[in-house]
2 protein chains.
Amino acid sequence: MTNEIIKQKIAQAVQILSEKDIDLWMTFVRESGTIKDPAMDMIGGVGCTWQSALMINKDGDSTAIVGSLEVENFERFSGYKNVTGYVKSIREPLNEYLAKKNPRNIAVNFSRNSNLADGLTHGMFLILLEHLKETDFGKRLISSEDIISALRGRKSKTEIEIMKEAIKVTLEIFDETTKFIKQGKSEIEIANFVKERAKARGFGLAWEEDHCPSVFTGPEAKSAHAAPCDRKVDKGHLVNMDFGIRFEGYCSDLQRTWYVLKDGETKAPAAVQKGFDVIRDSIQKVADNIKPGVTGFDMDSIARNYIVENGFEEFPHGLGHQVGREAHDGGGGLFPNWEKYGNLPFLKIEESQVYTIEPRHYVEGYGRATIEEEVVVTKTGCEFRSKPQKELILI
Amino acid sequence: MTNEIIKQKIAQAVQILSEKDIDLWMTFVRESGTIKDPAMDMIGGVGCTWQSALMINKDGDSTAIVGSLEVENFERFSGYKNVTGYVKSIREPLNEYLAKKNPRNIAVNFSRNSNLADGLTHGMFLILLEHLKETDFGKRLISSEDIISALRGRKSKTEIEIMKEAIKVTLEIFDETTKFIKQGKSEIEIANFVKERAKARGFGLAWEEDHCPSVFTGPEAKSAHAAPCDRKVDKGHLVNMDFGIRFEGYCSDLQRTWYVLKDGETKAPAAVQKGFDVIRDSIQKVADNIKPGVTGFDMDSIARNYIVENGFEEFPHGLGHQVGREAHDGGGGLFPNWEKYGNLPFLKIEESQVYTIEPRHYVEGYGRATIEEEVVVTKTGCEFRSKPQKELILI
């Protein structure tokens, strides 16, 4: 399976190189067991001990030059058309390949904007310049950030199928959690239950265990990304959870909200219901408008404005981000025009990208109301990949 | 526990800075969940999402400047005396700190020689230069490789205790394996047994699962680092295994050799016995000579020459390496003067370093004979941390 996905991603990279008019993309790594270039998961598939150059060419060629003891691994498990081994130094075979191809530009993995495109260490950058010092190629190095952003963002059918399965399992665990939540359970107890369910089914977590899941109960729950604490669920609480699993190398990232009825209540109070409805409807408004060519900034504004118009405070974070091999993946996102997001809110949305939509606000006296869905962008709009939460779940 | 070790390593780093006459060591990272500087395990302890500068100063100060949402984590789980948070940009607090301390030199984590000291990505290096552009500090950046080599190499008492426990558990698993090995078991079956034993006891593996353990049986077994295959143990085989676990962040790395008696044999044939004895004795000769101040090259030569003098081929790798948070750790090793080892064979051996000693040769018609022990260097010599294998184990 992995092999097939890597082959697909290598083929996709060839197309992206044409589109971006870049001749060669080189991922230059060593000892990937100790420090791993994030690109390796997409276009490596197996680890490298010695200096290795994984090269994808606009002309359709893909060549990996690796230590001789790792040639067999690369031939068996990676998708490269050519695998070349070396014993003493990569310099000669590397320069031979470059001389043959004579690329006008060579994209390597460094980037100020995107950590996912910044896997080349500075020491390895210096080694590469040293290898190339008797040629002109050192001056032709450029950042691979555009390639990596496109490659991570545009999901193949196989990737989308895997992510669909990850979402399905995650929602099943949310359903099990509905039965577990009740008055007196602490955030930590709920989080441990969820982790055990994922573990029992053989899945990893989408992000660091200390806040995967995050669980928030009641009016005093903390800000986003805080670890669950020993605060207990009580009647009249809004409870919500942010959780994702890792399945065959891909992440899910979803949120759901529950309300715990007080004695005598048969439905949520009007303020709580309105809080939930505004979140739900803001997501639908974004889903109605998202399509290739619009910007993440516009999408964020739709939800943000709708929430403010309905009398709630705007959420203190972006509306959504891409999902893939990382829970926070890709380049552009559904972000406001805040300095820390740089130019990312203004990149055009593309077909086959997967985004979260996750507005949030606070219902005074009850807690946080938030839903997080995942959508995949289609030719003309989007499709929900998670069955959307349409109703507040009552406990 | 982790917190305590990190405090110890930070204190040790202060001493090393004095010794190396370096004013400041800065580990500059972001999104360590996606790509993690190997130094973070030693002097970080918790992850960083936003640009973060972990600074250790020769004057004894230690200051972490991190995103404001991660201040609490750093205060709770890391060992820094001062933790400063920022919201929009690290530039101002970073420059403020540097202006106050005015270091003559600033070690950052890039290295051509050692991947363990090469955790700074090239994009982050460019960002750092940009932050420092209105100052003179960009010109004072040097490689931290000497600091990291010393810090990883010189183990504290706590580290040595943890590693002792890791070795103990590993040898227990070797003992269990002795009972499992018999004619007809394949290398893969033995490897799976060993992995399950480690897993059942809650331990991780010291290196990549596909060859941890490596298992080799009989005269046709492959070279080192090859994954186990479906070759079956047979009578008259030398069997050996290379295996290590990960315990509280530290690795073990050991090898043992067995001989499977043929019908009618009550002891190993003379050639096999001699093969084993030469390996065992070469290890003892190295242990008798290793001490602070000698070079790894000298130690490698002792074993290599002894093996050749006894009529066997020399082993096609270094005699041993340091062990720590990685199975292959530290800077210098017990290496021959081969180009690929650079200057590492000639670094002086220091007190409190932990080395493997792992000579190997091939006994024609029977298989590989090899033992790997771990020793810790003392003031005047060394101590075995693994109970040495003195006799060939007969099956």
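Residues numbered from 1 in each chain as written. Chains lettered and ligands numbered in written order. Predicted model: local features only at pLDDT ≥ 70, side-chain atom pairs only at ≥ 80, totals over all residues. Heavy atoms only, no water.

Student: Would you mind showing me how to read the interface of chain A and chain B here?
Tutor: Frequently, the measure chosen for interface size is the accessible area that the parts lose on association. Chain A puts 34 residues into the contact, and the matching count from chain B is 34 residues. At the boundary of chain A with chain B, total buried surface from both sides reaches about 2700 Å², with 53% on carbon and sulfur atoms. The interface formed by chain A and chain B includes 4 salt bridges. Here Arg112(B) and Glu130(A) are joined by a salt bridge, their closest N and O atoms 3.9 Å apart. On inspection of chain A and its partner chain B, the count reaches 15 residue pairs in polar contact (both at pLDDT 80 or more). Counting only elements with at least two residues in the side of chain A that touches chain B, the list comes to helix 3 (71–77) and helix 5 (122–131) of chain A. (Contact = heavy atoms within 4.5 Å. Buried area = accessible area lost by both parts, 1.4 Å probe. Salt bridge = Lys/Arg side-chain N within 4 Å of Asp/Glu carboxyl O. Polar contact = N/O pair within 3.5 Å; in protein donor to acceptor, adjacent residues only side chain to side chain. Helix = DSSP H or I, 4+ residues; strand = E, 2+ residues; numbered from the N terminus.)

Student: Can you walk me through the sheet that holds strand 10 (residues 245–247) of chain A in this structure?
Tutor: Hydrogen bonds along the backbone pair up the strands of a sheet, which may run parallel or antiparallel. All names here are of chain A. A sheet is described by the order of its strands in space; here 3 strands give the open sequence 7-10-11, paired in antiparallel fashion. The sheet terminates laterally at strand 7 (204–205) and strand 11 (250–251), the two strands that pair on one side only. As judged from the 2 bridges shared by strand 7 and strand 10, these two strands associate in the antiparallel manner. Each bridged residue has a counterpart across the sheet, and for Leu 205 the counterpart in strand 10 is Ile 245. Each of strand 10 and strand 11 is contacted by helix 7 (residues 157–180), which is oriented at about 140° to strand 10, the strand it contacts most. (Pairing = 2+ DSSP bridges. Axes fitted to C-alpha atoms, helices over the stretch in contact; angles between N-to-C directions.)

Student: Explanation requested: the sheet that holds strand 3 (residues 62–67) of chain B in the structure shown.
Tutor: All names here are of chain B. Taken together, the 6 strands give an open sheet; going across it, the order is 4-3-2-1-5-6, and neighbouring strands pair in mixed fashion. With partners counted over all chains shown, the strands left at the sheet margins are strand 4 (82–86) and strand 6 (141–143), one partner each. Taken over all neighbouring pairs, the strand axes of this sheet differ in orientation by 25° on average, direction set aside. Of the strand pairs in this sheet, strand 1 (residues 24–29) and strand 5 (residues 106–108) are connected by 3 bridges, and their pairing is parallel. Residue Trp 25 lies in a different strand from strand 5, and its bridge partner there is Ala 107. Helix 4 (residues 91–101) contacts strand 1, strand 2 (52–57), strand 3, strand 4 and strand 5 of the sheet and is inclined by roughly 15° relative to strand 2. The strands touched by helix 5 (residues 122–131) within the sheet are strand 1, strand 5 and strand 6, with strand 1 carrying the most contacts at an inclination of about 120°.

Student: Mind showing me how you'd approach the packing of aromatic side chains here?
Tutor: Geometry of an aromatic ring pair is reported as the spacing of the ring centres plus the angle between the planes. Residue and element names in this part refer to chain A. With the rule as written, the count across this model stands at 16 aromatic pairs over all chains. Site record: aromatic cluster; members linked through ring pairs are Phe 174, Phe 243 and Trp 258. A cation over a ring is seen here: Arg 368 above Phe 216, with NZ or CZ 3.9 Å from the ring centre. (Phe/Tyr/Trp six-rings, centres within 6.5 Å; stacked < 30°, edge-to-face > 60°. Lys NZ or Arg CZ within 6 Å of the ring centre and 35° of its normal.)

Student: Looking at this structure, how should I read helix 5 of chain A?
Tutor: The periodicity of an α-helix, 3.6 residues per turn, causes residues three or four places apart in sequence to face the same way. Counting buried positions along helix 5 of chain A yields 8 of 10 residues, so the element is predominantly enclosed. Buried residues of helix 5 of chain A: His122(A), Gly123(A), Met124(A), Phe125(A), Leu126(A), Ile127(A), Leu128(A) and His131(A), and no others. Of the surrounding elements, those touching the buried residues of helix 5 of chain A are strand 1 (24–29), helix 4 (91–101), strand 5 (106–108) and strand 6 (141–143) of chain A together with helix 5 of chain B. (Buried < 20%, exposed > 50% of the residue type's maximum accessible area, 1.4 Å probe, protein only.)

Student: What should I look at first to understand the confidence of the model for chain A in this one?
Tutor: Caution applies to low-pLDDT parts of the model: their predicted coordinates are not meant to be read in detail. With 98% of its residues at a pLDDT of 70 or more, chain A shows a mean pLDDT of 92. Under the prediction, the complex receives an ipTM of 0.84, its pTM being 0.84. (pLDDT = per-residue confidence, 0-100.)

Student: Got a minute to help me understand the relation of the copies chain A and chain B in this structure?
Tutor: Note: a rotation about an axis with an accompanying shift along it relates these two copies of the chain. It takes a turn of 180° to lay chain A on chain B, together with a shift of 0.1 Å along the axis; the resulting RMSD is 0.1 Å. Read as a symmetry element, the transformation amounts to a two-fold axis. When the interface residues of chain A are mapped onto chain B, 100% of them again fall at the interface, so both copies present the same face. (Least-squares fit on C-alpha atoms with pLDDT ≥ 70 in both.)

Student: How do you make sense of the side chain of Asp253(A) when you look at a structure like this?
Tutor: Residues and elements named next belong to chain A. Mapped onto the fold, Asp 253 is located in the loop between strand 11 and strand 12 (254–259). Here Asp 253 sits buried without a salt bridge, and the closest side chain of opposite charge, Arg 256, lies 9.7 Å off (N-O distance). A polar contact is formed between the side chain of Asp 253 and the side chain of His 321, at a distance of 3.1 Å. If near-sequence neighbours (up to four positions away) are discounted, Asp 253 is found in contact with Trp 207, Asp 242, Phe 243, Gly 244, His 321, Ala 327, Thr 356, Glu 358, Glu 372 and Glu 374. (Lys, Arg positive; Asp, Glu negative; His and termini not counted.)

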